[in-house]
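Summary of the model geometry
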Amino acid sequence: MDKIRIRGGQQLTGTIPISGAKNAALPLMAASLLTDETLTLNNLPHLADIVTMANLLAQLGVKMHLNGHATEGGHAGRVFELTAGDVGETTAPYDLVRKMRASILVLGPLVARHGRAQVSLPGGCAIGTRPVDLHLKGLAQLGAEIELREGYVHATAPRGLTGAKIVFPMVSVGATENLMMAACLAEGETQLVNAAREPEIVDLATCLVAMGANIDGIGTDRLRIVGCRKLHGTTHMVVPDRIEIGTFAMAAAITRGDLELVGARLDLIGAVVEALTQAGVRVQETERGLRVSRAADDLVGVDVMTEPYPGFPTDMQAQMMALMTTASGAAMITETIFENRFMHVPELARMGASINVHGASAMVRGVPRLTGAPVMATDLRASVSLVLAGLAAEGDTILNRVYHLDRGYEQLVEKLAACGAEIERLKA
Ligand code: UD1
């Protein structure tokens, strides 16, 4: 297995292009199942999770074509055409679903268009049990019959889905996406109340509207969808990855660097910028994106709590913790979305960080310096938090299990190295 070696202590300066968002691209790809016409996605990131979704869609009969690069906004991204013309197969098998939980996003579109779907139930994952009950209950409310047999969800709606009012007991990004897509082809009106409103959901809704869907309330927690019989193809540009923006902003902050993040948008990362500003980091808008540098010599500890958008994202919690390990004073970091998302703590501690976990909160006490160490990560964001710590640490850090990073960060090593980081990928 490949490893990454980082020699810490370099200040990062220069520009980093921001890729399209993985978490927007995955549901957008699934949305191609809603129409027999071609959906063209621009600015698609090149990531392992995207390949997994493409393999799943290929299995379902979707024809795909990679078509060069779009350069709008000055950064490259793939152009991907997806045509779900004659989808005969409606089974998402275990071997593909177990690789990536977001595979469940094919369920709503398949049932809505074909009246049936069999999708392997995603199992638990490193950051918690992560059930899909809200997806299934919502589909049942839209009239699908749901059975769980031999590890698979069997959903059927031979006469199609019917609109309904669905009130989510908790905010779920995936359930909102799945049900919004299904409702587009249901008969009549669907209301999604207490819906998630992450930028990736806005991006998906915008694309669905361009495909002919009727959706009101985009960007709010109450979506109203009036179903139609057929959707058509369109061309859509994937929104920039706000988690990548936030991660590189922290890379600038932790190395006392100065980075311009090309394609980054302030409106996507308000809560992260607020925390960074309080900590002593300067974030300025530029013509091409955002510039991030230190405003103060020393960082100060800031408390953050993860919440659904527009709150502080859980996908930035590990990176914020890495940053806070080097701040002066203490920072209380509270995780409210996932029950087991502190697995980076013992690894950061191996690099000299001082962190105490009490239930859902971690108390971080800043230390003057981190020291490099061999470390191992359990998930995508935990891995990148160790890269950030490695960039600031004295000496060498060797990161194992690099495949986690390949799932969600496009050209991470190359982007950081281009700004002066001493970082390299060691082939197995
Ligand atoms: C998405 C993101 C992930 C991010 C998360 C929260 C993608 C591909 N992934 O994951 O990176 O960390 O949002 O911002 O977009 N829950 C239930 N029942 C359900 C569904 C969810 O109890 O049926 C719970 C989950 O266990 C979790 C919480 O709801 O505690 C939020 O999960 P959700 O928003 O659904 O996350 P994902 O869509 O899986």
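Looking at the ligand, there are 18 residues lining it, with Asp 133, Leu 134, Ser 172, Asp 315 and Ile 337 nearest. Separating an oxygen atom of the ligand from a backbone N or O atom of Leu 134 is a distance of 2.7 Å. With the chains in place, 86% of the 740 Å² that the ligand exposes on its own is no longer accessible. Taken together, the residues of the shell around the ligand break down into nine nonpolar, five polar and four charged.

Bringing the environment of Phe 338 into the picture now. Mapped onto the elements of the fold, Phe 338 is located in the loop between strand S19 (330-334) and helix H11 (345-350). When its relative accessible area of 17% is taken as the criterion, Phe 338 is described as buried. Along the sequence, Phe 338 and Leu 56 sit 282 residues apart, while their C-alpha atoms lie 26 Å from each other.

Here we take up the packing of helix H8 (residues 242-254) against helix H12 (residues 380-392). Interaxial distance between H8 and H12 falls to 9 Å at its minimum, and their mutual angle equals 20°. By the angle between their axes, H8 is roughly parallel relative to H12. Crossing geometry of H8 relative to H12 is assigned as right-handed. Two secondary-structure elements touch here, H8 through Ile 243, Thr 247, Met 250, Ala 251 and Ile 254 and H12 through Arg 381, Val 384, Leu 388, Ala 389, Leu 391 and Ala 392. Here the residues of the contact of H8 with H12 are counted per class, giving nine nonpolar, one polar and one charged.

For the rest of this paragraph, the subject is the nonpolar core. Formed by 150 residues in total, the largest nonpolar core has its most connected members in Val 106 and Leu 208. Top contributing element to this core by residue count: H8, with nine residues. Here Val 106 is in contact with Ala 30, Leu 33, Met 53, Leu 56, Leu 57, Leu 60, Ala 92 and Val 119, once residues within four sequence places are set aside.

What follows is about the sheet that holds strand S23 (residues 396-400). Strands sit in the order S22-S23-S1-S24 across an open sheet of four strands; the sheet is mixed. The open sheet has two edge strands, strand S22 (374-376) and strand S24 (422-426), and neither has a second partner. Sheet twist, expressed as the average angle between the axes of neighbouring strands with direction ignored, equals 20°. Sheet topology places S22 next to S23; three bridges connect them, and they run parallel. Its bridge partner being in S23, Met 376 is matched across the sheet by Asn 400.

Once that is clear, we can look at the layout of surface pockets. The volume enclosed by the second largest pocket comes to roughly 290 Å³. In this structure, the second largest pocket is lined by 19 residues; those nearest its centre are Ile 254, Arg 256, Arg 294, Pro 368 and Ala 392. Tallied by class, the residues present in the lining of the second largest pocket amount to eight nonpolar, five polar and six charged.

The next point concerns the environment of Asp 315. Of note, Asp 315 is situated in the loop between strand S18 (304-305) and helix H10 (317-324). For Asp 315, a relative accessible area of 16% puts it in the buried group. Taking the C-alpha atoms as reference points, Asp 315 and Arg 242, 73 residues apart in sequence, are found 9.7 Å from one another.

Cut-off values and rules
Residues numbered from 1 in each chain as written. Predicted model: local features only at pLDDT ≥ 70, side-chain atom pairs only at ≥ 80, totals over all residues. Heavy atoms only, no water. Near = heavy atom within 4 Å. Polar contact = N/O pair within 3.5 Å; in protein donor to acceptor, adjacent residues only side chain to side chain. Areas by Shrake-Rupley, 256 points an atom, 1.4 Å probe, with all protein chains shown as cover. Nonpolar A, V, L, I, M, F, W, Y, C, P; charged D, E, K, R; others polar. Helix = DSSP H or I, 4+ residues; strand = E, 2+ residues; numbered from the N terminus. Buried < 20%, exposed > 50% of the residue type's maximum accessible area, 1.4 Å probe, protein only. Axes fitted to C-alpha atoms, helices over the stretch in contact; angles between N-to-C directions. Parallel < 35°, antiparallel > 145°, perpendicular 65-115°, else oblique. Left-handed = near helix turned anticlockwise from the far one by under 90°. Contact = heavy atoms within 4.5 Å. Core = buried A, V, L, I, M, F, W, Y, C linked by side-chain atoms within 4.5 Å. Pairing = 2+ DSSP bridges. 1 Å grid on protein atoms, 1.4 Å probe; cavity = no way out; pocket = protein on both sides within 12 Å on 5 of 7 lines; lining within 4 Å. Points joined across faces, edges and corners; volume = space filled by probe spheres on them.

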